[in-house]
Amino acid sequence: MAELLRLTRAELQELLSSDLPPTEPGRLIAPVDGRTEIWASGVTYLRSRAARMAEAAVPDVYDRVYEADRPELFFKSVAWRVGTDGDPVGIRDDSAWDVPEPELAAVVNAYGEIVAYSICNDMSSRSIEGENPLYLPQAKVYAGACAVGLFLRPAWEVDHGDLTIQVSIERDGRVVFADQTSTDQLARPVDTLVSYLFRGDVFPDGAWLSTGTGIVPPEEFSLQSGDVVDIEISGLGRLRNPVVRGLAHWGEGRSL
Ligand code: DO4
Ligand code: MG
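Residues numbered from 1 in each chain as written. Chains lettered and ligands numbered in written order. Predicted model: local features only at pLDDT ≥ 70, side-chain atom pairs only at ≥ 80, totals over all residues. Heavy atoms only, no water.

Student: Please clarify how the overall build of the chain should be interpreted in this entry.
Tutor: Of regular secondary structure, the chain possesses seven helices and 14 strands. For the chain, the spread of C-alpha atoms along the three principal axes comes to 50 × 40 × 30 Å. Taken across its 256 residues, the chain has 52% of its residues classed as buried. Sequence separation of at least 24 residues holds for 76% of the intrachain contacts in the chain that already meet a minimum separation of 6. As displayed, the chain offers around 12,000 Å² of accessible surface, 51% of which is attributable to carbon and sulfur atoms. Mean positive and mean negative side-chain charge positions of the chain (23 and 40 charges, respectively) differ by 3 Å. (Helix = DSSP H or I, 4+ residues; strand = E, 2+ residues; numbered from the N terminus. Buried < 20%, exposed > 50% of the residue type's maximum accessible area, 1.4 Å probe, protein only. Contact = heavy atoms within 4.5 Å. Areas by Shrake-Rupley, 256 points an atom, 1.4 Å probe, with all protein chains shown as cover. Lys, Arg positive; Asp, Glu negative; His and termini not counted. Charge placed at Lys NZ, Arg CZ, Asp CG, Glu CD.)

Structure representation (structure tokens):
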């Protein structure tokens, strides 16, 4: 994947139009490798602004960033930590309030061109982020905090401004939360988010930029160990992950 993200969009388009070698049977792993980084955007939907202002001890930072020219962008994961469909996602032992964030992800090459779209689950601790915005990295970056779709759809095949994002959370075989939104509710153009990411940094193996959540469960809801998070984005497929609490399940050398 990193090699593909070192191509220009035109080169990739040409490559994908030719006959590709057949894939070998085997377990599919997350389509992120090498020096490719995962970044995320925040407070790009009204729903996210409202939920964060409600939970936060310092609410006005969310209001300000929603209105500002400069978006909130934060580092989410290096490649080796990223999970994919079927892998567990984590909730922290020291967190009391946890949610998935089902998001459209833009996959960007080394030249800053969007070449594909996929799904990202930006798992988040609301209790840690809500206590103090300076705790954001601990709320967002931990074992099992990031899972992405197994498949990428070439950007030229997708109308990314009109995709339905759905999530359901199952507990003991029952759906305990379900909701949906559309990317037409995204307050900022995706290419503007990408251009801010590339303003002050270089990504020799490209980057994924998750575009923020438009779905936040109600305040009384928190994920539990054993839940299953199921995210679907129209045209981009599905990402299903069981939830585990703490580090006990994350064995050494295991793909996260
Ligand atoms: O401001 C904190 C993170 C916001 C976020 O992850 C989102 O809006 O999706
Ligand atoms: Mg998010």
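Student: What exactly am I supposed to notice about the coordination of the magnesium ion (ligand 2) here?
Tutor: When a metal carries six donors in an octahedron, the ideal angles between them are 90 or 180 degrees, while four donors in a tetrahedron ideally lie at 109.5 degrees. Looking at the metal site, the magnesium ion (ligand 2) is ligated by Glu101 (OE), Glu103 (OE) and Asp122 (OD), spaced 2.0 to 2.1 Å from it. Mapping the donors of the magnesium ion (ligand 2) onto the primary sequence yields the spacing E-x1-E-x18-D. According to the relative accessible area criterion, Glu101 is buried, its value standing at 3%. (Donors = N, O, S within 2.8 Å, 3.2 Å for Na, K, Ca; no water.)

Student: Got a minute to help me understand helix 3 (residues 46–55) in this structure?
Tutor: Residues spaced three or four apart along an α-helix face the same direction, because each turn holds 3.6 residues. Listed as buried for helix 3 are Ser48, Arg49, Ala51, Arg52 and Glu55. Of the surrounding secondary structure, the elements contacted by the buried residues of helix 3 are helix 4 (60–67), strand 7 (124–125), helix 5 (126–131) and helix 6 (136–140).

Student: Would you explain the nonpolar core in this entry?
Tutor: If you look at the biggest cluster of nonpolar residues, it comprises 39 residues, and the most contacted ones within it are Ile114, Tyr117, Leu223 and Leu236. Contributions of two or more residues to this core are made by strand 3 (89–91), strand 5 (102–108), strand 6 (114–122), strand 10 (164–171), helix 7 (190–199), strand 12 (207–210), strand 13 (228–233) and strand 14 (237–245). Here the element with the most residues in this core is helix 7; it accounts for five residues. Ranked by size, the runner-up nonpolar core spans 15 residues in total, among them Leu5, Ala30, Val148 and Trp208. (Core = buried A, V, L, I, M, F, W, Y, C linked by side-chain atoms within 4.5 Å.)

Student: What is the right way to look at the packing of helix 3 against helix 4 in this model?
Tutor: The axes of two packed helices give the description: the angle between them and the distance between them. Running from amino to carboxyl end, helix 3 crosses helix 4 at an angle of 160°, the nearest separation of the two axes being 8 Å. Relative to helix 4, the element helix 3 is oriented roughly antiparallel. As for how helix 3 packs across helix 4, the hand of that crossing is left-handed. Note on element contacts: helix 4 touches helix 3 through Tyr62, Asp63, Tyr66 and Glu67, opposite Leu46, Arg49, Arg52 and Met53. Per-class residue counts for the contact of helix 3 with helix 4 are four nonpolar, no polar and four charged. (Axes fitted to C-alpha atoms, helices over the stretch in contact; angles between N-to-C directions. Parallel < 35°, antiparallel > 145°, perpendicular 65-115°, else oblique. Left-handed = near helix turned anticlockwise from the far one by under 90°. Nonpolar A, V, L, I, M, F, W, Y, C, P; charged D, E, K, R; others polar.)

Student: What is the right way to look at the site of ligand 1 in this model?
Tutor: Within the structure, ligand 1 sits among 16 residues, and Val43, Ser48, Glu72, Lys140 and Thr213 are positioned closest to it. Here Glu72 contributes a side-chain N or O atom positioned 2.7 Å from an oxygen atom of ligand 1. Coverage of ligand 1 by the protein amounts to 99% of the 280 Å² it exposes when considered alone. Within the residue set of the shell around ligand 1, elements represented by two or more residues are strand 1 (37–42), helix 3, strand 2 (72–78) and helix 6. When the residues that make up the shell around ligand 1 are grouped by side-chain class, the tally is four nonpolar, five polar and seven charged. (Near = heavy atom within 4 Å. Polar contact = N/O pair within 3.5 Å; in protein donor to acceptor, adjacent residues only side chain to side chain.)

Student: Sorry if this is basic, but what is going on with the pairing of strand 14 here?
Tutor: Where a strand is regular, its side chains alternate between the two sheet faces. Pairing analysis gives three bridges linking strand 3 to strand 14, with the strands arranged parallel. Bridge pairing in strand 14 places Val89 opposite Val243. Linking two consecutive strands that pair antiparallel, namely strand 13 and strand 14, is a turn of three residues; a positive phi of about 80° is found at Gly235 within it. (Pairing = 2+ DSSP bridges.)

Student: What is the right way to look at the pattern of salt bridges in this model?
Tutor: If the charged atoms of two oppositely charged side chains come close together, the side chains can form a pair. Per the counting criterion, the structure on display carries 19 salt bridges. Put simply, Arg49 and Glu67 hold a salt bridge, and the shortest N to O gap is 3.3 Å. Taken together, the residues Arg49 in helix 3 and Glu67 in helix 4 connect sequence positions 18 residues apart. Taking the relative accessible area as the measure of exposure, Glu67 reaches 56% and is therefore exposed. (Salt bridge = Lys/Arg side-chain N within 4 Å of Asp/Glu carboxyl O.)

Student: Which parts of the structure should I look at to understand the packing of aromatic side chains?
Tutor: The geometry of an aromatic ring pair is captured by the separation of the ring centres together with the interplanar angle, meaning the angle of the planes. Scanning all chains against the criterion turns up four aromatic pairs. Both rings, one in Trp39 and one in Phe75, keep their centres 5.7 Å apart while their planes meet at 80°; by these two values the pair is edge-to-face. Of this pair, Trp39 sits in strand 1 while Phe75 sits in strand 2, and the two are 36 residues apart along the sequence. For Phe75, a relative accessible area of 31% puts it in the partly exposed group. With centroids separated by 6.2 Å and ring planes inclined at 85°, the aromatic side chains of Trp39 and Phe203 adopt a geometry described as edge-to-face. With Trp39 in strand 1 and Phe203 in the loop between helix 7 and strand 12, this pair connects stretches of sequence that are 164 residues apart. For the pair Trp39 and Phe203, one class covers both residues: buried. A cation over a ring is seen here: Arg199 above Tyr196, with NZ or CZ 3.9 Å from the ring centre. (Phe/Tyr/Trp six-rings, centres within 6.5 Å; stacked < 30°, edge-to-face > 60°. Lys NZ or Arg CZ within 6 Å of the ring centre and 35° of its normal.)

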